[in-house]
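One letter stands for each residue in the lines below.
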Amino acid sequence: MGRIAQGTKVLAEGGYEKIFTQTFETVPEEKLQDSFACYLSTSAGPVMGVLYVSTEKLAYCSDSPLSYKNGTQTEWSYYKVFFLQLLTCLHLENIG
């Protein structure tokens with residue numbers, strides 16, 4: 001069911017490229033190369049989301065917001081991670 005919900009969200013929001021540029025700060029010449037549905041293993045358990053590979057970075061964002069406590073209130077936030085800034089560390093065209 002999770003994958004069906006993810007596919008529906010992607011269609012409704014205009015595709016992976018649009019979601020990527022809205023979710024992460026990008027530079028004008030940056031292009032999304034590929035995206036992969038996956039689970040990120042965390043201490044709280046697996047988190048379903050999308051791994052994005054662009055010309056500049058490798059990044060992950062959860063499909064739905066996760067709850068956390070802020071004092072006595074429960075707040076919600078998407079889990080977002082930059083694994084690698086490819087611009088300064090690695091150029092994808094040099095791989096393979």
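All values derive from a computational prediction rather than experimental measurement.

A. Here's a closer look at the overall build of the protein. When its secondary structure is counted, the protein shows 3 helices and 6 strands. Reading the protein from its N terminus to its C terminus gives the helix and strand order α-α-β-β-β-β-β-β-α. Sequence-distant contacts in the protein: of pairs separated by 6 or more residues, those separated by 24 or more amount to 40%. Of the accessible surface of the protein, which amounts to about 6,500 Å², a share of 57% is contributed by carbon and sulfur atoms.

B. Region of the structure containing the packing of aromatic side chains. Following the criterion strictly, the structure yields 3 aromatic pairs and no others. Seen in terms of ring centroids, Phe 20 and Tyr 52 are 5.3 Å apart; in terms of plane orientation they differ by 40°. Their pairing is tilted. Of the two residues, Phe 20 is situated in helix α2 (residues 16-23) and Tyr 52 in strand β2 (residues 45-54); the sequence distance between them amounts to 32 residues. When sorted by exposure, Phe 20 lands in the same class as Tyr 52, which is buried. A centroid spacing of 6.0 Å and a plane angle of 70° characterise the contact between Phe 24 and Tyr 52, whose relative ring orientation is edge-to-face. Of this pair, Phe 24 sits in the loop between α2 and β1 (32-42) while Tyr 52 sits in strand β2; the two residues are 28 residues apart in sequence, bridging distant segments of the chain.

C. Spotlight on the nonpolar core. Counting residues in each nonpolar core, the largest one holds 8 residues, listed as Ile 19, Phe 20, Phe 24, Leu 32, Val 50, Tyr 52, Ala 59 and Cys 61. Those elements giving two or more residues to this core turn out to be α2, β2 and β3 (57-62). Ignoring anything within four residues of it in the chain, the contact list for Phe 20 reads Thr 26, Glu 30, Leu 32, Tyr 52, Ser 54 and Lys 57.

D. Up close: the environment of Cys 61. Within the element layout of this structure, Cys 61 appears in strand β3. Taking C-alpha positions, Cys 61 is 9.3 Å from Leu 40, a pair spaced 21 residues apart along the chain. Residues in contact with Cys 61, not counting those within four places in the same chain, are Thr 23, Phe 24, Gly 49, Val 50, Tyr 52, Tyr 78, Tyr 79 and Lys 80.

E. How the structure looks around the environment of Leu 51. Mapped onto the elements, Leu 51 comes out in strand β2. Of the residues examined, Leu 51 reaches a relative accessible area of 22% and is grouped as partly exposed.

F. Up close: the confidence of the model for the protein. Here the protein averages 76 in pLDDT, while 72% of its residues score no lower than 70. This model gives residues 86-91 a pLDDT under 50, and the stretch forms 12 contacts once residues within four places in sequence are excluded.

The rules behind these values
Residue positions are counted from 1 within each chain, in the order its sequence is given. At least 70 in pLDDT is required for a residue's local features to be given in this predicted model, at least 80 for side-chain atom pairs to be given and counted, and no such filter applies to totals for whole chains, interfaces and linings, which use all residues. Side-chain metrics rest on all non-hydrogen atoms present in the structure, leaving aside hydrogens and water. Secondary structure elements are taken from DSSP: a helix is a run of H or I of four residues or more, a strand is a run of E of two residues or more, and numbering for both begins at the N terminus. The contact criterion used throughout is that any non-hydrogen atoms of two residues lie within 4.5 Å. All accessibility values rest on the Shrake-Rupley procedure with a 1.4 Å probe; residue burial counts only the protein chains present in the view. The criterion for an aromatic pair is that two Phe, Tyr or Trp rings (for Trp, the six-membered ring) have centres within 6.5 Å, with stacked assigned to planes under 30 degrees apart, edge-to-face to planes over 60 apart and tilted to the rest. The cut-offs for exposure are 20% and 50% of the maximum accessible area for each residue type, with area from a 1.4 Å probe on protein chains only; residues under the lower value are buried, those over the upper are exposed, and the others partly exposed. Here, the term nonpolar core denotes a set of buried Ala, Val, Leu, Ile, Met, Phe, Trp, Tyr and Cys residues that are joined through side-chain atoms within 4.5 Å. pLDDT is a per-residue confidence score from the predictor, ranging from 0 to 100.

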